[in-house]
Every structure is written in C-alpha cells, then in structure tokens.
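# Structural characterization, general
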Amino acid sequence: MATTAVGQPLSRVDARRKVTGTATYSAEHRIEGLLYGVIVNGTVARGTVSRISVDAALAHPGVLHVLTDFGKLQLAHPVDRLAFYGQPIAVVVAETLEAATHGASLVEATYERQDAVTDFDDPDIPSQTPEDEPDYSRGDPAGALASAQVKVDLELTSARENHNPIELPSTIARWQDGRLTLWDKTQWSQGAARTVAGALGIAVTDVRVHNEFLGGGFGSGIQTYDHVVLAAFAAREVDRPVKVVLTRRQFYYGTGFRPASRHRMALGSTAAGRVSALVYEVRIENARYRTYTDGLTDLPKFLYGVPNTSTAYRITPIDVHSPASMRGPGVVLGNFALETAMDQLAHELAVDPVELRLRNEPTQDEVSQLPFSTRKLRECYQTGARRFGWSRRRAKPGSRTDGDLLIGMGMATASYHNNRRDSSARARIHADGTAEVFAASADMGPGTTTSVMQVAADALGLPASAVTFRLGDSSYPTAPLHAAACTMASVGSAAHTTCNALKAEFIRRAVADPDSPLHGANPADVQVRDGQLETSGARDTYRDILRRAGMPSLDITGNWGPGDADSRISTYGYGAVFAEVSVDPLLGLVRVRRIFAAYDVGRVISPKLAHSQAIGGMVGGIGMALLEGTVTDHRDGRIVNASLADYLVPVNADVLDLDAAFINTEDPQADPIGVKGLGEITIVGVAPAIGNAVFNATGKRLTDLPIRPEALL
C-alpha cells in the first residue's frame, strides 16, 4: 500500500493549541486547594547545616509550613550534608507564590563549612577512570603517531553549559487516597514515576505523571531532580496539592549541565592524507557523590578508518551538582576535538577538508567489526558541498574579505548512534472510523505527536486527520525516555507494529464474518485505504465491522524492540555541516553568515519537522561555538551568570541563514519504519564547522569553546 501521510510536510497537529495558549503546561493546571512551594538553597559547596531558623518565615502572612527534615527521602545526593552549592535545605509552603517567595528569603541557616573544590583544573584533585568508559586501543597508536609523516597534536577545552529552555522546571503534586499524581515538566514520565516512588518509599503503581506539553528540554528533563521529589514530599506533609517552579537562577543550581571538558587530540598521517594514528585523551568535571559519563570517545574511535587508535576517558570529581545529558551529550564534545584536528591536518597537508575525510572513509565499523546498516556519508559531503558552494572556498586562510571583514568557510562531519529501545503502544479504532494511539512518550518540541500519528495513519490505512496520537501520561504503554534521539525509532516502530496488528485483526474479522462483503477472501489480498478494506472489488469498512459486532471500539496493545540488531549491524546517522562566518579583526567579533548541512538519517517521516529539528540543532551549536559558558565563583561554588541576562544564548540576530537537506535513504535493518535518530545529530558538527571557518577566515586555530572575541585580537 502506498503511503499517504509519511513523507508529507504536515504542520504540527498541536500547533494551534500552542500558539493560542490553550495548551496546558505543567505549571498551568488548575488544581483545587493548590499551595505554592519555594525551595531554599544552601549557600556552601560542602559542609553541613548546623542551625536553621524558620520562625521569621512562619510568621510571614500566608506562610503555612517550612519543611526542613528530608531525612527519610532517598535523593541522588546525600541528605545529611551539603554536596554542592544550591542544594535544597528547606521548602516554604504558602497560600500564594509571593508569600512563599518572601518566606523563603526569611529562612536563615548557619553552616559548618568544609574545604570545597569546585574547579576541576585544581591540580590537587586526582582524576579517575570510570568503570563504564575503559581505555580503548587498537593497533599501535603510540608507535604509529611517532613515525607518522605529518602530525597534529592539539589541546582543546570547552566551558560548562547549562540548559536554558524558556519553560522552567515545574511540578504540581497532589495526593488522593494514598496515590500521587504529578504534573511535571519531564522528558520521561515513567522514569519520573519510578524515581519519585523510590525517593518516597512508595509503590511505583501509586504514582501517575502527566507531561503532555513541554516547553523545551534539551536534556534537562531526563532526570528527576530534587524539586519534583520535594513537591511530592511537601504535598504529602501538608495534605494539600503543592506547586514548585524553579526560578531561572535555581534552574542552574537545581538541575544538571553539560560538563566542562579538557581534550588532547593527536593525529598522525601519511603525506598522502591517510590517517594512520589517533590518540584521544579527555577529562570532564564530575560530582563527588555520583559518576556521570557519556559518549565522548565514541566518534573519535569510530568515525574514520584509522588502524591505530587509542582513547582514554577520565573524570575529576569535585564539589558540584552532577552533570547531565545536554543535546548531543558527549558526542558533540568528542566530535569538536576530532573535527578541529582533522581540519588542522587538512591544512598541514594542503588537502581540501572534504577530500581528506573521503580518503579516510572506513569500510566497516572499526570498533565492533560489524557492517554498516547504511552509511551515506559520501552523499552528505557531495550534497552539502554542492548546495553550500564549497568550491568557492579559498584554501589560504585570511585571503577572502568583504570590506573590513574577514570571510571564512569551514566544515565538519557529524554522526550519532541510532538508538532504539523497547517500546509499547496501544492502538484503538472507534465506531466512527477514527483511531487513537497511546504511548507514554513525550514531545518537547520535535513534533512527536505529529510524526507518530503519520506512521500510525499509514499503518492503519486511514487519513492523517482521522488519527490522534496521545502521549504525556505514565499510565500509557511503556515508552523510553524522550531523549537520545530514540523516540521516533522506538515509539514510532511500536506504533507501526501495533497498528499493523490491529489492521490485521480487522481483516481477520472481516474475512471470517459471513455478513462481510470480504467473507472468505484471502487476508493477504486485502488492502486498506481511507478506512476501507478492499479486495477484488469487494469493500468493507472499519465502521461496518464494528457496527456488525456491536462494539464501540477495538484495540490492541503491541510491543517492539531492536532485539539483537546491534550485535549484527552498526547503525548510525551521518551528516556534513558547512558554515560561513565573518570576523571583524578590530573587534574580534564572529558572526555566522550561513550554515548548511546534509544528513543521512534514514527515512524522513515529516520533512517539515525534520528541517525544524535541524535548524534547532544548528542554533544550539552556534551557542556552543560562540556564546555559551557557565562561570563559577570557586570561592564558594556560586554560579556567577545564572540568568539569561548574563548567560548568553543565540537570538534571532545570530541565526541568519540556516538550512538542511536529507539524503533519500532508509535503514530497514535498524527498525521496521527505516528511521534513524535526528534530534541529537543536528547539533553535532556545528561548533567545529564554525571554528574551522574562523580558522579559514583568520589563520588562527582556536581550540577553546566558546570562541571569545579576545582570542581573536
């Protein structure tokens, strides 16, 4: 059956609700008897609270409770001591937000301070090798590097980054008959239910989490942080619903962040441009109380066919909140180191950067020794270079100008593992011929509600307008976290599988029903279009099948998982990112003139939404390259620029001309709908492409992110 919805540039089905204000976000639900909770944050990075005075807060009009005893809670960090600046020490609950806010300012605490370290470059703090990131080696990297005809050896750094979606972390908690309902800004409703249940010591079946609408996340809503648990705890203690919304400043203290990093990337090559050696060493900041790792070494050991490769991953535990996933976690930093070094090597060899990458294309996954499911990276290079106008690039740095401005072009490769996880869905067709599909997924902006609907519509043989995908409820069938670029491949595949099973059940009923025009037909010959089952001129409908059975609806719950596919194939998404910048040599200001990227991400379900995803990733990459960096006062661990006035993010003036194209390909070995993840890969490659363009414009190889004007003066 030809598809009708998949591949169409449909607008988001929830767009009108969002732009007219009728979409209800977590903090906007109207709950009877609602109280307001405000968290009081500790002001030392390490120590204990020796005394806390709440009398003034309780005396303030409207303040009902001040909770300070968290001893029975199971949190990710210690509750009997302070492990990071901003750790919650109290919750003030009041009739109004204003009363709770002022009451929180009246809580006074004294501390027994301990020596704290918040600078992970402190030479007295030893680094560690995390258990899940062992050293990796193939061939003889040290020997190959020493004997290489051409060498590049770079030291690179990146600053800490904080998530900054417009919607702040927010939770409403309500208890009824011993059961907890949460309206929470989470990217994983079922994960939040498990975390809160564990923290409170209750059954996970007694927790239900709603998260239908999210205002952006970028990874900040994957984990369930203190404010969610404390909202539930406060609501139980005061026996009324409680809402907790973090301020922007508390957001920086109360959730994770992309960790700062330090890299060494060394490449050795023949004079002909065959990379023979790669040595990558990386270190990131970590909390003392919890180990965090991500895929920093993934692309350096995978992306190119380098026979002699080694990677070493280290963490430095200090007195900070634990880092967390942020768009393109780990991979985006490792790729920055790799692609910056590849560009420098191309310069040393006097080889075009695209050509150097083509000369080092592998024939299989060098790490797993598995064949690629699909790898259309050559096509990405070709399409991107042609559409961008790469042939107009001048190889000599600083040789192109526009008035007083220096103009440069740069490019970088992007890649991200195609994550697929076990998922379930429930599909239902109603007597009026419409359908609903349910899964406990989320939609923080990529358009999941729309794209899964498109897959379901085609699987059921219904027009898109007749199908609704419902998500945002932990009671729905199991879905993975809405992150790691796994939603479409996982939830979409579950929806596809389940809807096909439901369609098959209707066909089975029709051919077995003596009253059906399809009675006795071969089920394999029956096609479904627009809700009509057809074969050899005979027709039946979903409506009539349900009417004859006297059923208001029929539904099926199904499951899908990748099984052992990752033991047989190497499946990744790929991309080529091209950037043009201008640099003012007098002021050191870098402006991104345009970015174009070409991607191999398998089957594109919704071109309009995919393009939007690509643009969003590029914007995040511009922020990483030129603007974003969290600054800590190491005297006490306080974040200095914890506001949108001081922490710089891209605005419309920074994103003038962004565009993307998608290679026409599918990956049927990876999942039944042939897709690869898109959400993460679109930020990967952007920062090094911009940095490489700055080098082409100025001749200055900048290896610290973000690129600051003073580095160019």
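Data block above holds the structure.
Below is a summary of the structure that appears in this document. (Residues numbered from 1 in each chain as written. Predicted model: local features only at pLDDT ≥ 70, side-chain atom pairs only at ≥ 80, totals over all residues. Heavy atoms only, no water.)

With that settled, the discussion passes to the pairing of strand E13 (residues 275–287). Burial within E13 is extensive, with 12 of its 13 residues counted as buried. Here nine bridges tie strand E12 (residues 261–269) to E13, and the two strands are oriented antiparallel to one another. Its bridge partner being in E13, His-263 is matched across the sheet by Val-282. Joining the antiparallel neighbours E12 and E13 is a turn of five residues, in which Gly-273 adopts a positive phi near 90 degrees. With 11 bridges connecting them, E13 and strand E14 (residues 308–318) associate as parallel partners. The residue bridging Ala-287 from the neighbouring strand is Ile-318, located in E14. (Buried < 20%, exposed > 50% of the residue type's maximum accessible area, 1.4 Å probe, protein only. Helix = DSSP H or I, 4+ residues; strand = E, 2+ residues; numbered from the N terminus. Pairing = 2+ DSSP bridges.)

Another aspect to go through is the packing of helix H5 (residues 189–200) against helix H6 (residues 226–238). Two numbers describe how H5 lies on H6: the axes approach to 10 Å, and their chain directions differ by 50 degrees. Taken as axis vectors, H5 and H6 run oblique relative to one another. For the pair H5 and H6, the crossing hand works out as right-handed. Contacts between H5 and H6 involve Val-196, Ala-199 and Leu-200 from the former and Val-228, Val-229, Ala-232, Phe-233 and Arg-236 from the latter. A breakdown of the residues in the contact of H5 with H6 according to their chemical character gives seven nonpolar, no polar and one charged. (Axes fitted to C-alpha atoms, helices over the stretch in contact; angles between N-to-C directions. Parallel < 35°, antiparallel > 145°, perpendicular 65-115°, else oblique. Left-handed = near helix turned anticlockwise from the far one by under 90°. Contact = heavy atoms within 4.5 Å. Nonpolar A, V, L, I, M, F, W, Y, C, P; charged D, E, K, R; others polar.)

Turning our eyes to something else, we now look at the packing of helix H15 (residues 607–627) against helix H16 (residues 686–698). At a minimum axis distance of 8 Å, the contact between H15 and H16 shows a crossing angle of 55 degrees. One way to sum up the angle between H15 and H16 is to call them oblique. Note that H15 runs across H16; the crossing there is right-handed. Between H15 and H16, the contacting residues are Gly-617, Met-618, Gly-621, Ile-622, Met-624, Ala-625 and Leu-626 on the first element and Val-686, Ala-687 and Ile-690 on the second. Classifying every residue of the contact of H15 with H16 gives eight nonpolar, two polar and no charged.

As a further point, take the environment of Arg-274. Position of Arg-274 among the secondary structure elements: in the loop between E12 and E13. With relative accessibility at 37%, the residue Arg-274 sits in the partly exposed group. Contacts of Arg-274, omitting those with residues within four sequence positions, involve Gly-268, Ser-269, Gly-305, Arg-359 and Asn-360. Looking at Arg-274, its side chain comes within polar contact range of the main-chain oxygen of Arg-359, at 2.9 Å. (Polar contact = N/O pair within 3.5 Å; in protein donor to acceptor, adjacent residues only side chain to side chain.)

This paragraph deals with the pattern of salt bridges. Per the stated rule, a full pass over the model turns up 36 salt bridges. The closest approach of N and O atoms between Glu-355 and Arg-359, which form a salt bridge, is 2.9 Å. With Glu-355 and Arg-359 both in helix H10 (residues 353–359), this residue pair falls four residues apart, about one helical turn. Looking at Arg-359, the relative accessible area reads 33%, which means it is partly exposed. Where Glu-361 meets Arg-375, a salt bridge forms, and the shortest distance between an N and an O atom there is 2.6 Å. Remark: Arg-375 occurs in the loop between H10 and helix H11 (377–388) and Glu-361 occurs in the loop between H10 and H11; sequence separation between them is 14 residues. According to the relative accessible area criterion, Glu-361 is buried, its value standing at 15%. Among the ionic contacts, a cluster of salt bridges with common partners joins Arg-46, Arg-288 and Asp-319. (Salt bridge = Lys/Arg side-chain N within 4 Å of Asp/Glu carboxyl O.)

Here we take up the packing of aromatic side chains. The full count for this structure, using the stated rule, is 14 aromatic pairs. Aromatic side chains Phe-70 and Phe-233 sit 6.1 Å apart centroid to centroid with 90 degrees between the ring planes, which places their arrangement in the edge-to-face category. One end of the pair, Phe-70, is in the loop between strand E3 (63–67) and strand E4 (88–94); the other, Phe-233, is in helix H6, with 163 residues separating them in the sequence. Side by side, Phe-70 and Phe-233 carry an identical accessibility label, which is buried. Above the plane of the ring of Phe-257 lies Arg-160, whose end atom (NZ or CZ) is 3.9 Å from the centre. Lying over the aromatic face of Tyr-136, Lys-301 brings its terminal NZ or CZ to 5.0 Å of the ring centre. (Phe/Tyr/Trp six-rings, centres within 6.5 Å; stacked < 30°, edge-to-face > 60°. Lys NZ or Arg CZ within 6 Å of the ring centre and 35° of its normal.)

Attention now moves to the pairing of strand E18 (residues 435–438). With burial as the criterion, each face of E18 is covered, one bearing Ala-435 and Val-437 and the other bearing Glu-436 and Phe-438. As paired elements, E18 and strand E19 (residues 467–470) share four bridges and run parallel to each other. If you follow Ala-435 over to E19, its bridge partner there is Val-467.

Membership of the largest hydrophobic core comes to 91 residues, with the highest contact counts inside it found for Met-265, Val-581, Ile-595, Tyr-599 and Ile-690. If you tally residues by element for this core, the top one is helix H9 (residues 331–349), at 11 residues. When neighbours within four sequence positions are excluded, Val-581 is seen to be in contact with Leu-406, Ile-407, Gly-408, Val-590, Arg-591, Val-592, Arg-593, Ile-690, Ala-693, Val-694 and Ala-697. Core analysis: the second largest hydrophobic core is formed by 47 residues, Ala-435, Leu-462, Val-467 and Phe-506 among them. (Core = buried A, V, L, I, M, F, W, Y, C linked by side-chain atoms within 4.5 Å.)

Moving on, we come to the sheet that holds strand E28 (residues 658–662). Reading across from one edge, E15-E16-E24-E25-E28 is the order of the five strands in this open sheet, with mixed pairing throughout. Each edge of the open sheet is held by one strand with a lone partner, namely strand E15 (401–402) and E28. Relative to E28, strand E25 (residues 589–600) runs parallel, the two sharing five bridges. Opposite Ile-595, over in E28, you have Leu-658 as the bridge partner. Lying on the sheet, H16 is in contact with strand E16 (405–417), strand E24 (572–584) and E25; it crosses E16 at an angle near 155 degrees.

In this section: the environment of Val-686. Here Val-686 shows up in helix H16. Judged by its relative accessible area of 0%, Val-686 is buried. Sequence separation of Val-686 and Arg-274 is 412 residues, and the distance between their C-alpha atoms is 24 Å. Ignoring any residue separated from it by four or fewer positions in sequence, one finds Val-686 in contact with Val-577, Ile-595, Gly-617, Met-618, Gly-621 and Ile-622.

Let us now look at the side chain of Arg-160. By the element assignment, Arg-160 lies in the loop between strand E7 (150–158) and strand E8 (170–176). Residue Arg-160 is classed as buried on the basis of its relative accessible area, which comes to 8%. Polar side-chain contacts of Arg-160 include one of 3.0 Å to the side chain of Glu-285.

With that settled, consider the side chain of Ser-170. Following the sequence through the fold, Ser-170 ends up in strand E8. Overall, Ser-170 belongs to the buried group, its relative accessible area being 1%. Setting aside residues no more than four positions away along its own chain, Ser-170 makes contact with Ser-26, Ala-27, Trp-183, Asp-184, Lys-185, His-227, Val-244 and Val-245.

Glancing now at H9. Since the α-helix advances by 3.6 residues per turn, residues separated by three or four positions end up pointing in the same direction. Here H9 spans 26 Å end to end across 19 residues, near enough to the 27 Å set by a 1.5 Å rise per residue. Along H9, 17 of the 19 residues are buried, which leaves the element largely enclosed by surrounding structure. (Expected span 1.5 Å × (residues − 1).)

Read from one edge to the other, the open sheet built from four strands follows the order E19-E18-E17-E23, with strand pairing classed as mixed. Sheet topology places E19 and strand E23 (553–560) at the edges, where each strand pairs with a single neighbour. Geometrically, the sheet is characterised by an average inter-axis angle of 20 degrees between neighbouring strands, direction not taken into account. Here strand E17 (residues 423–430) pairs with E18 via four bridges, running antiparallel. By the bridge assignment, Ala-427 is partnered in E18 with Val-437. Where helix H13 (residues 487–512) meets the sheet, its contacts fall on E17, E18, E19 and E23, and the angle it forms with E23 comes to roughly 135 degrees.

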